Amino acid sequence: MSLISDIQDYPWTSLLAGILPARLTALLPARFQVTGAQIVPPTSIVGNALTVVLAIMTFLACLTAGGVYMVNQSANAWVDDIASEITIELDPVNTADIEKKMTLVSLFLAKQRGITRVKPLTAEDSAKLLEPWLGETVSISALPIPRLIAVEIDRSSPPDIEVIKTALTQNFDGVTLDDHRRWQAEIRTITRSTALGGIAVLGLVAAATIAVIIFATRSAMSSNRKIIEVLHFVGAQERFISSEFERHFLGLGVRAGLMGAFAAAVAFQLLPLMMYLLGGGAVTAAETRRLLGSGELDIGGYLLCLLVVVVVAGLCMLTSRLGVFRVLKSYA
Amino acid sequence: MIRFDNVGLRYGSGPEILRDVTFHVLPGSFHFLTGPSGAGKSSLLRLLFMSLRPSRGLIFVFGENVADLPRPGRAALRRRIGIVFQDFRLLDHLTTWENVALPLRVMGKKESDYAEDVTDLLRWVGLGERIHAYPEILSGGEKQRAAIARAVITRPELLLADEPTGNVDPAIGNRLLRLFVELNRLGTSVILATHDYSLMEQLEAPRLMLDEGQLKVSGT
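Residues numbered from 1 in each chain as written. Chains lettered and ligands numbered in written order. Predicted model: local features only at pLDDT ≥ 70, side-chain atom pairs only at ≥ 80, totals over all residues.

Describing the overall build of chain A
The secondary structure content of chain A amounts to 12 helices and four strands. By residue count, 25% of the 332 residues in chain A fall in the buried class. In chain A, 83% of the contacts between residues at least 6 apart in sequence involve partners at least 24 apart. (Helix = DSSP H or I, 4+ residues; strand = E, 2+ residues; numbered from the N terminus. Buried ≥ 20, exposed ≤ 12 C-beta atoms within 10 Å, placed from the backbone. Contact = placed C-beta atoms within 7 Å.)

Okay, here's the thing in C-alpha cells:
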C-alpha cells in the first residue's frame, strides 16, 4: 500500500522540468514547472564527467543493440524467404522431351491449392546457378543438369506438401520436391546462434553500462552529500530530497543518452561510407548487405536506441535515489 | 518540550562521550549550553536535532519518543526546530536569499507568500545589501548571520544554535543575541551552545554545563 501511495504521490509532473530546457518548461502549465533556483547545482565538473561517461556508454550500447537488431532482422528475412519457396527438380536423364515435361509439371503445380507462383527455370538459369562452382564455360550445357521449377507458396494458407509430393511421384517419373526443410533447419540454427551470440554481447555491454553508470552516478552523488545534509537539517522530507536529485539526474541521463544515441544513429548512417573508406569495395558492400540486409537501421532499430536512452536515464535516476536514501539512512 | 532521561552516547566502540544526561527544556525557555571544547556540546545538539541516536536512555522531543519515530516522522519534528551550525552549512550555489528561504521552500510554501519575510529578516540581521550574494564572497560573520536567518525564518518552536556568535564581532554578537531573545519572547525555546562567558553574562538564563560527558544544570 505504501509503495502504491508513494507512486501516486510522486511529483511525476516535475520530472519534465529536469528533462526539458528551461525555455520550453516555461511554456508548460504551472504543474510541470519548478519554481526557485535549482537545489541541485545544474552544472559541476563531476556532473560534466558523468555526462561524458553516460554518452559514451549509451553510444556503445546503441551500436551493439542496433547491430544485433540488424543481424536478427536479416536472419529472419532469410528464413522467411526460404520458407516461402519450394523447388521441384526434374532429372534430365532418360527424359526425351524435358521442356515438355517442365511445362506439364508447371501446369500441374499451378493447379494446386496454396501455390501462388510457378516459375520454371530455363537451362541457362540452372547453368548459372552452377557457375560459382564450375566457372563460366560452354561445357556446362553439355552436362545433364537437373532442371528446376521455383514454386512460391501462400504462407497464409500453405499447401499440403506431402500430398503434392505424392501426386508428383505418381504422375511423373524423375521428379522430386525439395521443401528446403534441411536448409531451413540449418539457417534457423545459424540465426538462433547469431541471435543468442548477439544477445550475449548485448547483455555484456548492458552489464558494463549499468556498472559504469552506477559507479559514475554514485561518484557524482558523493559530491552532493552536503546538499542532502542541509536539506535534511532544514526539515525536508526524504521524498522532497530524493525528487530533487532524481529530477536532476534524470535530465542529465536523458541529455547524455540522447547525445550517445544520436552519435550511434550517425554511425549507422555512415557505416557504408566507413566500409568504403576502410578499403571495402562493391563486393564487401554486397557481402555486408547479404549479412545485414540493407545495412541500415529501420524504425524498430531506432526505437531500440531510444529504449537504451530510457534505460540509461532511468538507471541514473534510480541510482541517485538510492544514493540519497543511503546518505539519509546514515543519519538515522 | 524536550526531555532527556539517562542518555548516553558513544561513537562506535569508543568511550562514552555523554553519560547519564538528564534534563528538561520547557516551552518558551532559554538555555545556554556550555562547557570546554570537546565536552560534547555539538553531539548533544545533534541528539536534540535527531541526527544521532543515543547509545542508551530515552529522548522525547515535542512529547514523542524519538526511538519510536520512523524517518518521515523525525523530518516532520525537525521542521519545528531551527538549527545554526558552527560551520554554517550554506549551499554555495544558492544566493543568500535562496539559502535563507530554503526551509520555507522545502515546506512547500509559495515563493510569493514568503519573499517579503525573507528580505525583511535579511535586512534585520544586517545582510540587506548581500541578498543576491553567494556564500563564497560572504565574510565569516555574514555567513553566520545568514545561517541564523535560515534557522529562524520558519519561527521554529525550538532553536538550537552551535556557537552562533563565534565568528562575529561583539557588536554583531550582541545584536544576534537580541534576535534570539526576541524570538524567545515570541515563544521559541532557545538552546544556545557557547563558551563565550561575556555573552552568557548578558542574559539571566539557566546553563546546561557539560564537563567530561556529564551535564550539570545551574541557574534554574
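There's plenty left to go through after this.
Observations regarding helix H9 (residues 225-233) of chain A
Within H9(A), burial applies to Ile227(A), Ile228(A), Val230(A), Leu231(A), His232(A) and Phe233(A). Remark: Gly235(A) follows H9(A) within two positions and exhibits a positive phi of approximately 90°.

Let's talk about the interface of chain A and chain B
In this complex, chain A contributes 18 residues to the contact, which on the side of chain B involves 17 residues. Those elements giving two or more residues to the side of chain A that touches chain B turn out to be H9, helix H10 (238-277) and helix H12 (299-331) of chain A. Counting residues per element, the side of chain A that touches chain B draws most heavily on H9(A), at five residues.

Looking at the packing of helix H3 (residues 96-106) of chain B against helix H4 (residues 111-124) of chain B
All names here are of chain B. As a packed pair, H3 and H4 sit with axes 10 Å apart at the nearest point and diverge in direction by 125°. With respect to each other, H3 and H4 are oriented oblique. Crossing angle aside, the handedness with which H3 passes H4 is right-handed. Together, Thr-96, Trp-97, Val-100, Ala-101 and Leu-104 of H3 and Tyr-114, Val-118, Leu-121 and Leu-122 of H4 make up the contact between the two elements. Broken down by class, the residue content of the contact of H3 with H4 amounts to eight nonpolar, one polar and no charged. (Axes fitted to C-alpha atoms, helices over the stretch in contact; angles between N-to-C directions. Parallel < 35°, antiparallel > 145°, perpendicular 65-115°, else oblique. Left-handed = near helix turned anticlockwise from the far one by under 90°. Nonpolar A, V, L, I, M, F, W, Y, C, P; charged D, E, K, R; others polar.)

Description of the pairing of strand S9 (residues 207-211) of chain B
Within a regular strand, the side chains alternate between the two sheet faces. All names here are of chain B. Only one face of S9 is covered, namely the face carrying Leu-208 and Leu-210; the face carrying Arg-207, Met-209 and Asp-211 is uncovered. Where strand S3 (residues 30-34) lies against S9, three bridges are found, and the strand directions are parallel. Residue pairing in the sheet places Leu-33 in a bridge with Leu-208 of S9. As paired strands, S9 and strand S10 (residues 214-218) are joined by five bridges and run antiparallel to one another. By the bridge assignment for S10, Leu-210 is matched with Leu-215. As consecutive antiparallel partners, S9 and S10 are separated by two residues, and within that stretch Glu-212 has a phi angle of approximately 50°, a positive value. (Pairing = 2+ DSSP bridges.)

A closer look at the pairing of strand S2 (residues 16-25) of chain B
All names here are of chain B. In terms of strand pairing, strand S1 (residues 2-10) meets S2 through six bridges, oriented antiparallel. Paired with Arg-10 across the two strands is Glu-16, which belongs to S2. Turn length for the S1-S2 hairpin, with the two strands adjacent in sequence and antiparallel, is five residues, and the turn residue Gly-12 shows positive phi of about 60°.

Remarks on H4(B)
All names here are of chain B. Across its 14 residues, H4 extends 20 Å between first and last C-alpha, which sits within 8% of the 20 Å expected from 1.5 Å per residue. Taken residue by residue, H4 has Val-118, Leu-121 and Leu-122 as its buried positions. Angular distribution of buried residues about the axis of H4 spans 95°; they occupy a single face of the element. Facing away from the buried side of H4 by over 90 degrees, the exposed positions are Ser-112, Glu-116 and Asp-120. As for H4, its buried residues are in contact with H3 and helix H5 (140-152). Looking at the residues trailing H4, positive phi occurs at Gly-126, about 85°. (Expected span 1.5 Å × (residues − 1). Arc of directions from axis to C-beta.)

What about the sheet that holds strand S4 (residues 56-61) of chain B?
All names here are of chain B. Across the sheet, which stays open at both edges, the four strands sit in the order S2-S1-S4-S5 with antiparallel pairing between neighbours. The sheet is open, and its two borders are formed by S2 and strand S5 (64-65), each paired with just one other strand. Where S4 and S5 come together, two bridges link them in antiparallel fashion. Within S5, the position partnered with Val-61 by the bridge is Glu-64.

Looking at the nonpolar core
Core analysis: the largest hydrophobic core is formed by 108 residues, its most contacted members being Cys316(A) and Leu160(B). Broken down by element, this core gets its largest block of residues, 13 residues, from helix H4 (residues 45-83) of chain A. For Leu160(B), the contacting residues outside a window of four places in its chain are Leu45(B), Leu48(B), Phe49(B), Ile81(B), Ile83(B) and Ile191(B). Among the nonpolar cores identified, the runner-up in size contains 10 residues, and Ile86(A), Met102(A), Val105(A) and Val175(A) belong to it. (Core = buried A, V, L, I, M, F, W, Y, C linked by C-beta atoms within 7 Å.)

Digging into the environment of Ser219(A)
Examined against the element boundaries, Ser219(A) turns out to sit in helix H8 (residues 181-222). On the basis of neighbour counts, which here come to 14 C-beta atoms within 10 Å, the residue Ser219(A) falls in the partly exposed class.

A look at the confidence of the model for chain B
For chain B, the mean per-residue pLDDT works out to 89, and 100% of the residues sit at or above 70. Scoring the predicted complex yields pTM 0.70 and, for the interface, ipTM 0.83. (pLDDT = per-residue confidence, 0-100.)

Some words on the packing of H5(B) against helix H6 (residues 170-185) of chain B
Residue and element names in this part refer to chain B. Here H5 crosses H6 at 5°, and the two axes come no closer than 12 Å. Taken together, the axes of H5 and H6 lie roughly parallel to each other. Only Ile-172, Leu-176, Leu-179 and Leu-183 of H6 make contact with H5, whose side of the interface consists of Gly-141, Arg-145, Ile-148 and Val-152.

As for the environment of Leu9(B)
Residues and elements named next belong to chain B. Considering the arrangement of structural elements, one finds Leu-9 in strand S1. For Leu-9, a count of 21 C-beta atoms within 10 Å translates into the label buried. A sequence separation of 204 residues divides Leu-9 from Gly-213, and the C-alpha atoms of the two residues are 8.9 Å apart. With sequence-adjacent residues up to four places away left out, Leu-9 is seen in contact with Glu-16, Ile-17, Leu-18, Ser-43, Leu-47, Leu-52, Pro-54 and Ser-55.

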